[in-house]
Amino acid sequence: MATRATIQPHSTASGCFSCFSCFAKREMKCLERNRKMIQEKVQGLQRDIALAEEDQEKHEKLISKHQTLRSHLRVELHELGQKVQQHQQAHDYLYSQVQQSKLQLEEIRAARDRLKEQVAAEAQELQVVEVECKRATMELETAKEEKEQIEAQVVRQREENAALRMDLERAALEAAVARAKMMAAKEETDEAAKALKELIDGLGTLTSATLPQNVPKVLTIDANNDLFTQVKAPVPSGPHNDLLSPHPCNRCSPGSSTPVHGAKTPRTPGMMPAFRGKSLSPPYSANGGRTPTPVTGRSPTPTSGAVLTRRSPPTQGPPSIPSVEDAVSQARRCLRDVEKQHGSKSKQAIHLASELALQLEEIVPGTEEAGQLLRRALKDSIEMYGNDHLNTLMTVNNLAVYLDNIGEKPEALKLYRWARDGRMKQLGPTHPYTLDSIYNLASFLLSDNQLAEAKAAFIEARNGCVECFGWNHHGTLDCIERMVDILKAEGNLTEAVEVCKDLLARSTEIHPKDHPQNLKTSVTLASLLAECGRMSEAEEAHLNSIEIHEKAFGFNDPNTQELTYGLVEYYTQNDKIHEAEKLLREKIYQCEQRYGTTATVVLGYVEDLAICLWNSGQLEESESLFCRVLLSRRRALGVEHEDTLRSMSNLAVLLERSDRIEEALKLYQQVQAGTSKVFGLVHPKTLESTLALGVCLAEAGRSNEAEAVMQGLYSELEAQGFSPDHEWVLLCSDKLGELAKLRDDLPRAEEMFRHGFQARITQKDCEDAELANSAYNLAVCLAQQGQDAEAEACFRKAVEAYTRAFGPEDPYTLDAIFNLAVALEDQDERVEAEKLYKAAADGRARAFGDVLQTFGKLNKHS
């Protein structure tokens, strides 16, 4: 707007009007311009309103379009929801099918295992049949020899009969001559006829006198096994003059001539030792050392001889194998029939009694009936044959094995010696039966820890096997393997290593490189090398064994895994963490390439690697590996599977030790719930998970819950009969004592601490640290209740145990000394208390350099 003109004060009226008019015009022009501007603005606003209305219409159209789309989307979403439900139902159905398939697979596996057992049983029965066939062959040869003897006797009898016939013919001729004379002299007197009659009668008497009287009748067997009676001459008495008597024969294992314990070859079980502990020695015994390789059970030697029943003709098709129970029932019936026919003390009854006893032992070892039968057979054999007859010695061996199995060791040893001495006298030192008895006696002596005599017996058996079969026979190798165990038990490790090397070399000559015997011997050699301190050789031998196992049986074979785990543990315990980690990563890579990332063997190695990494301080990777294993097993096996629960427990332990108590507590609760559901409330695994949960609750500060859990577990352990010194019982009592002390229930705490202390002080192998802790806790509890005298005794026990465990200047030892001094001071024994205060002060000064508190206490009580 234009600036208004200023009115001049001294103008005239006309001038003023003229100025005003000009001013008004200017104002009008300004107003006109303003009006036009306002109109333009109004028009612009109208245009904007029109555009806004158009935009509003467009927006309303878009809104309606969006509403339509939203309705369509809702419909589609509803349809998708239905489809998801259908897919979920299909997934549930497929999951149920998978579970059913898993169950079917488990049934198939169980059926496969049963078939394997049946095949193994049939193979064993086949071996028995082969041995029995060889025995029958030898009996047949013996029978043939006896048949030839009998045929020779029959020939001699026929010759004698021919001579008798000639005598009879001569007598008949003489009778004919006399009869002719009688006919010629018929007309003679009656006295001559009477004399002729007497002569004829005399000739008849002479004829009957020429025949043998009371010829013995001997039983024999025809081609159809039928019994018949044959008249023949007496046969000289001897060990094999009766075809029905059982004849001993040289029994041997299938395909060889190795002495056997009955139907089984004395082979050592194929145990695969693993590397454990600070050395490479596997922990077979309680103290962590390797016990000798277990000796096989000495099974009785079955007596020989044929069963007194007619054999049925062979049928077409595969023969049916009767069950053991059917064989026992048949043996009982045969024994009863033979006892009725021949008597209870006949040779046949003795033989069948031994056979029945052996069959009973096959079903249930150590039955009373089998022992009665064997004792009866031995008694009757002694009466029938004598003490040194082979049949008697066979029964002696069988009874010795029976007594050994039921634990009557002294009588069994006596019979083993009897069988060995008798067979050595009858058969010689290198006969297979003699070697069998020597091996049985040596095995018994080894199991009874009579090492010197066992060693001599095994050397004798080995020398006999070498002479009879050669160095590379498996009977000889068995004796050498036992020698390794004896040398190991005697502590002669150097000689044991050399003998084991010789055994491995000879076994390799007769077996392939991956034969179980070679694998077992190589592992034993590695163990012996480790115990000798030859660690580099031991590790090399062990790695070689793992490689051979992998090639022979695969990476997922249990023995291969056990060997690998053993070597990893050896590396870990000897501070070779890098080697252990490298070995596990290599095995994980190899197994993943062959079996996939979620295979059982892979997860096992991953879990072991996680533990190894945790031990080396690599917590993050360890946790990730534990989580990987847990997730894989949860998907594959389910939440409640035993392996899944174990993985969950491992992860909980890692979290607990990493001070992530709440996370660990959740996992412990899941593990406890899972084990309770899967195994039941009283299963050891459930009790173990309950114990871990209670300890974690206590560490989390949830004392009431922890005490409730631990008290319930403590009661359950007592109800199940766990001994007072059991590890779980002691841990429960310690935790319950701590929790009771926290809530100032000192009598209850004293009760729990006293239980732990009394149980540990009676243990033979209790560690000093555990005993010291238990004594210290009880002493503190007693001192707080004013029982200073008993507290003093417990403090002294704690000082002694701490000193043995950690040394005299360990902080725990010094604390116990200081508290002992306090207890003595409370009983006015100030002289000894002052000495102990000073000892604690000096020890802390040497250990920490901080003696202010101790010296302050000392000055106060001086």
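Structural data are supplied above this passage.
Calculation rules
- Residues numbered from 1 in each chain as written.
- Predicted model: local features only at pLDDT ≥ 70, side-chain atom pairs only at ≥ 80, totals over all residues.
- Heavy atoms only, no water.
- Helix = DSSP H or I, 4+ residues; strand = E, 2+ residues; numbered from the N terminus.
- Contact = heavy atoms within 4.5 Å.
- Core = buried A, V, L, I, M, F, W, Y, C linked by side-chain atoms within 4.5 Å.
- Buried < 20%, exposed > 50% of the residue type's maximum accessible area, 1.4 Å probe, protein only.
- Patch = residues over 30% accessible without salt bridge, like charges linked within 9 Å, V, L, I, M, F, W, Y side chains within 5 Å.
- Areas by Shrake-Rupley, 256 points an atom, 1.4 Å probe, with all protein chains shown as cover.
- Salt bridge = Lys/Arg side-chain N within 4 Å of Asp/Glu carboxyl O.
- Lys, Arg positive; Asp, Glu negative; His and termini not counted.
- Charge placed at Lys NZ, Arg CZ, Asp CG, Glu CD.
- Axes fitted to C-alpha atoms, helices over the stretch in contact; angles between N-to-C directions.
- Parallel < 35°, antiparallel > 145°, perpendicular 65-115°, else oblique.
- Nonpolar A, V, L, I, M, F, W, Y, C, P; charged D, E, K, R; others polar.
- Phe/Tyr/Trp six-rings, centres within 6.5 Å; stacked < 30°, edge-to-face > 60°.
- Lys NZ or Arg CZ within 6 Å of the ring centre and 35° of its normal.

(A) Quick look at the environment of Gln-720. In this structure, Gln-720 sits in the loop between α21 (703-719) and α22 (727-742). Linking Gln-720 and Val-682, residues 38 residues apart in sequence, is a C-alpha distance of 8.2 Å. Contacts of Gln-720, omitting those with residues within four sequence positions, involve Val-682 and Leu-687.

(B) The nonpolar core, seen in detail. Ranked by internal contacts, the top residues of the largest apolar core, which has 45 residues, are Val-602 and Tyr-605. If we skip the residues at most four places from it in the chain, Val-602 touches Ile-588, Cys-591, Glu-592, Gly-596, Thr-597 and Arg-628. Counting 41 residues, the second largest nonpolar core, distinct from the first, contains Val-328, Leu-356, Val-401 and Leu-451.

(C) Molecular detail of a positive patch on the surface. A contiguous patch of positive charge, built from Lys-25, Arg-26, Lys-29 and Arg-33, is present on the exposed surface. Here Lys-25 shows up in helix α1 (residues 13-184). Using a relative accessible area of 54% as the deciding quantity, one classes Lys-25 as exposed.

(D) Region of interest: the packing of helix α14 (residues 558-573) against helix α16 (residues 600-615). Close contact between α14 and α16 brings their axes to 12 Å; oriented N to C, the two are set at 5°. Comparing the axis directions of α14 and α16 gives the class roughly parallel. Every residue of α16 that contacts α14 at Thr-560, Gln-561, Thr-564, Tyr-565, Val-568 and Thr-572 is listed here: Val-601, Gly-604, Tyr-605, Asp-608 and Asn-615. A class-by-class count of the residues in the contact of α14 with α16 yields 4 nonpolar, 6 polar and 1 charged.

(E) Structural detail: the packing of aromatic side chains. Scanning the model with the defined rule gives 10 aromatic pairs in all. Relative to Tyr-812, the ring of Tyr-802 lies with its centre 5.7 Å away and its plane at 15°, an arrangement referred to as stacked. With Tyr-802 in helix α25 (residues 788-806) and Tyr-812 in helix α26 (residues 811-826), this pair connects stretches of sequence that are 10 residues apart. Tyr-802 gets classed as buried once you look at its relative accessible area, which sits at 3%. The rings of Tyr-776, Phe-795, Tyr-802, Phe-806 and Tyr-812 are connected pair by pair, giving a single aromatic cluster. Cation over ring: Arg-423 sits above Tyr-433, and NZ or CZ is 4.4 Å from the ring centre. Taking NZ or CZ as reference, Arg-844 lies 5.2 Å from the ring centre of Phe-818, over its face.

Remember that the coordinates give geometry; whether it matters functionally is a separate question.
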